[in-house]
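Listed below are the residues making up each chain.
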Amino acid sequence: GDLQEQWYNASYSVRDLDARLIESIAKGPNKEALDHLKMPVPNQFIPESFDLLPFEKPEALRMKGSLKKNGTDKMNKLQYHSTLVRKAGLNDRTIALTDLCHTHIEDKRKVALATVEKNLLEQWEGKDDVWRPPALIQANDNSLLWIKQDTTFLRPETTVRLLLKSSRFSESPLQHLKTLLYINLIDDCLSESNYPAAVSGLNYTRGIDSCGFGITVLGYSDKIERYFEFIVSSFRDTSGFEEGLFNRIKENVSKSLSNERKNSPLSHAQKKLYHICQNNIWTAEEKLAHLENITLQEIKDQEQYIFAGAQLELFAYGNVSIQQSQQLLQTAESYFGCDRSGSEVSFPRTANFDARKQYIYVEHCQDHENPNSAVIVSFQLEPVSPPLQAFCAILEQFSHEIFFHQLRTNEQLGYICYASHYSINGILHFKFCIQSNSKDPIYMNDRIEQFIHSWGDRVDSLDETQFENLIHSFINNTLQEKRNMQSEEGYWYASIENGLYDFTFRIETAHAAAGLTLEDFRELYHQYFPWAAPNRKKIVVGTMAKNHAIQLFGEDYDEIMENKESEGFGSVLDGYLSSEAREHGEVVHVSTIQDVLSSTQFYPPNKELIQ
């Protein structure tokens, strides 16, 4: 160009338009050109209304079909706890704090101890309504309907959770793999057709576990019913399953499962811990063994098999009316609830380890180039209860910095170093975790035991002021109100998904913590953790790096690896345990996960446990 722009010195020029171009524009476009231009079809998911619905007081629980005549028997056939369901559905009262908004009150014990009963079917005043639990408003032959209308955050959004309970989704490694391939194929088929909904503020997620299959639909309320039907109907449509797509999905699943060997050693140890502690959980290796021989026709046949007799549970949260929630359940039943026979749900159960024993499972790290080893030293306690939950949470709070300071800062064992409590199928555990590039799992286990020994002295020397600070901090954190729709909805749904419907557990746990004394705290600690504790149930799970295995076994390494026929090292480790370690309880070397699962008793599943 012959001109230059003054700011960026870009060259440009100014010319008259070509006469032929002006003439063609004046004549207008020809018909052939217009035939190639098409307007996109209207987007049916764009919201047209952002109105907020008024609060509706739910009616008493509606029981349809034969539930009216013989509710208890029918509900026992469902995989729900009939006592809890009836309590949630027929009792319109729930426990609450007298001061739900308590930021101005310094004495947190007083806050947690002051409880009152409230009507869960009526709207609570102001921000207090975020504490109002969901209401069970309908129970059919094979389905339950929960609703919680939002009156706090006041956004035109709705979240719908559909839970399909059936053992058929994950009854074996092969079946779990088939279900995984099926839903991945559905996801791929939805990738293009779901785009209009995604740009309109609507989305879905899905997931499988040992109890069943879940679909979550969320977004703007105006078109949520239409979108929900679009998604659930898509999960029954296999018309888009083609051989090429199937092979690509199959290859992606194979890569994903194979790449798990590259996960961190601590991640491997965590997965093995869960496999050792419960049944009906499948490893990547178990699933990979079946992948190659699965055919497309087998996956197509899943559509009829996995959904037959599934038991439905739907939770509608947000800007949603009672009538809309009932319509959503009706839609779900039309696609998934036609078979009223009811399939069995085999809930996972947690191994009940023997007291005064230490179960040790250490495996070789599958990634031989990874220089890190990891260990998890876990202690099994008892079934979850508010007092025990409060104790574990306060103990974690007390030990967190001490454990990190001693084993990370002072002893330099590894950058990942923490202690925490967790539960598996309603059974509380407490674990100490380390990942180290300098020491093997056997050494780290010894150092954790030494920490526990000194930790007991710290518990015994804890004074009233320190303990009171721990109590106040725990109660304050536990009773924090949910600050957005996602966190509130997630909390309520977690209580529905686990089948316990323990909506007031936070309040009950804070109440239990407020009644906890320093003497109670010490007594609970001495029941489970010291070397001589009567209820000490210890599980050690480790992943050993190749370089650490060579250092530990020395010249015997090659022979050990050559003769190793199991997942873990098993009794090979017996000669490398310190004499002091043997005094902490009878040692049970675990070579394979099946070894411990076949020789251990199990706690009842949640449904029976809470009775």
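Residues numbered from 1 in each chain as written. Predicted model: local features only at pLDDT ≥ 70, side-chain atom pairs only at ≥ 80, totals over all residues. Heavy atoms only, no water.

Undergrad: Tell me about the overall build of the protein, and name the residues and values.
TA: Helix and strand content of the protein: 24 helices and 19 strands. Taken along the three principal axes of its C-alpha coordinates, the protein extends 100 × 65 × 65 Å. The buried share of the protein, taken over its 611 residues, is 50%. In the protein, the 60 positive side-chain charges and the 85 negative ones have mean positions that sit 4 Å from each other. (Helix = DSSP H or I, 4+ residues; strand = E, 2+ residues; numbered from the N terminus. Buried < 20%, exposed > 50% of the residue type's maximum accessible area, 1.4 Å probe, protein only. Lys, Arg positive; Asp, Glu negative; His and termini not counted. Charge placed at Lys NZ, Arg CZ, Asp CG, Glu CD.)

Undergrad: Help me get a handle on the side chain of Q278, residues and values and all.
TA: Along the chain, Q278 turns up in the loop between α10 (265-277) and α11 (284-291). Owing to a relative accessible area of 8%, Q278 belongs among the buried residues under this scheme. Polar side-chain contacts of Q278 include one of 2.9 Å to the side chain of N425. Sequence-distant contacts of Q278, defined by excluding residues within four places in its chain, comprise P348, R349, T350, I424, N425 and L597. (Polar contact = N/O pair within 3.5 Å; in protein donor to acceptor, adjacent residues only side chain to side chain. Contact = heavy atoms within 4.5 Å.)

Undergrad: Give me the sheet that holds strand β13 (residues 357-364): which residues, what numbers.
TA: With respect to topology, six strands assemble into an open sheet ordered β15-β16-β14-β17-β13-β18, the strand pairing being mixed. For this open sheet the edge positions go to β15 (416-424) and β18 (586-589), each flanked by a neighbour on one side alone. Across the sheet, the mean angle separating the axes of adjacent strands is 20° when strand polarity is ignored. Sheet topology places β13 next to strand β17 (residues 537-544); eight bridges connect them, and they run parallel. Considered in β17, the bridge of V362 is made with G542. Where helix α15 (residues 441-461) meets the sheet, its contacts fall on β13, β14 (373-383), β16 (427-436) and β17, and the angle it forms with β14 comes to roughly 45°. (Pairing = 2+ DSSP bridges. Axes fitted to C-alpha atoms, helices over the stretch in contact; angles between N-to-C directions.)

Undergrad: Outline the nonpolar core, listing residues and values.
TA: One finds L381, F391, F432, W455 and F529 to be the most contacted residues of the largest nonpolar core, which totals 67 residues. Among the elements that make up this core, the one with the highest residue count is helix α14 (residues 386-410) (eleven residues). Each residue touching F391, except ones within four places of it in the same chain, is listed here: L381, F521, L524, Y525 and F529. F169, L181, L190 and L329 belong to the second largest nonpolar core, which has 55 residues in total. (Core = buried A, V, L, I, M, F, W, Y, C linked by side-chain atoms within 4.5 Å.)

Undergrad: Account for a negative patch on the surface, naming residues and giving values.
TA: A cluster of acidic residues, E555, D556, D558, E559 and E562, forms a negative patch on the protein surface. On the basis of relative accessible area, E559 is assigned to the exposed category, the value being 51%. (Patch = residues over 30% accessible without salt bridge, like charges linked within 9 Å, V, L, I, M, F, W, Y side chains within 5 Å. Areas by Shrake-Rupley, 256 points an atom, 1.4 Å probe, with all protein chains shown as cover. Salt bridge = Lys/Arg side-chain N within 4 Å of Asp/Glu carboxyl O.)

Undergrad: Describe the confidence of the model for the protein, naming the residues involved and giving the relevant values.
TA: Mean pLDDT for the protein: 89, with 92% of residues reaching 70 or above. Per-element averaging of pLDDT across the protein places helix α3 (residues 67-77) at the bottom with 46 and helix α8 (residues 224-234) at the top with 98. Note that residues 65-81 has pLDDT below 50 and, in this model, 46 contacts with residues that lie over four places away or in other chains. (pLDDT = per-residue confidence, 0-100.)

Undergrad: Any chance you could break down a nonpolar patch on the surface for me, citing the residues and the numbers?
TA: Residues L17, L21, I22 and I25 make up a contiguous nonpolar surface patch of about 410 Å² in total accessible area. Examined against the element boundaries, I25 turns out to sit in helix α1 (residues 19-27). What makes I25 exposed here is its relative accessible area of 58%.

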